[in-house]
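# Examination of the molecular architecture
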Amino acid sequence: MSTVAVFSLLIGSLLGGRFRIFILPPAIVLGASMIGAISAWQGQGAAHTVVTILVFATVLQLGYLCGAMLVRARAATYRTKAAPSLDNRSFG
């Protein structure tokens, strides 16, 4: 279960840092179907599968939020730096 949480956090932060559109619903559906298929193949119970999917979806959203906030914070620091002006220099 902790492996699912760690990987979903990493995937969510990558998605949050890369995509500007709302990508979470397709990612959750794809991940939930993969987790469901793997859990059925391993013979896990239905309750374990549902809890694993809920953990995946929750931590994926948390990672998406953290990734998006990190990109915004980095962009804000680059926006505050003034670019050097070439207007006052002589090109003689």
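For the structure itself, look to the data block above.
Summarised in this report is the structure supplied together with it. (Residues numbered from 1 in each chain as written. Predicted model: local features only at pLDDT ≥ 70, side-chain atom pairs only at ≥ 80, totals over all residues. Heavy atoms only, no water.)

Further remarks concern the nonpolar core. L15, I23, L24, A27, I28, I35, F56, A57, L60 and Y64 form the largest nonpolar core, which has 10 residues in total. Beyond its immediate stretch of four places on either side in the chain, A27 contacts L15, F56 and L60. (Core = buried A, V, L, I, M, F, W, Y, C linked by side-chain atoms within 4.5 Å. Buried < 20%, exposed > 50% of the residue type's maximum accessible area, 1.4 Å probe, protein only. Contact = heavy atoms within 4.5 Å.)

Helix length check: helix α2 (residues 24–42) (19 residues) gives 26 Å between terminal C-alpha atoms against 27 Å at 1.5 Å per residue, within 8%. Within α2 the residues assigned to the buried category are L24, A27, I28, G31, A32, I35 and S39. Buried positions in α2, seen along its axis, are confined to an arc of 125° and lie on one side of it. Opposite the buried face of α2, at more than 90 degrees from it, the exposed residues are V29, L30, A40 and W41. Within two residues after α2, G43 carries a phi angle of roughly 85°, on the positive side. (Helix = DSSP H or I, 4+ residues; strand = E, 2+ residues; numbered from the N terminus. Expected span 1.5 Å × (residues − 1). Arc of directions from axis to C-beta.)

Read these as layout, nothing more, since geometry by itself doesn't imply function.
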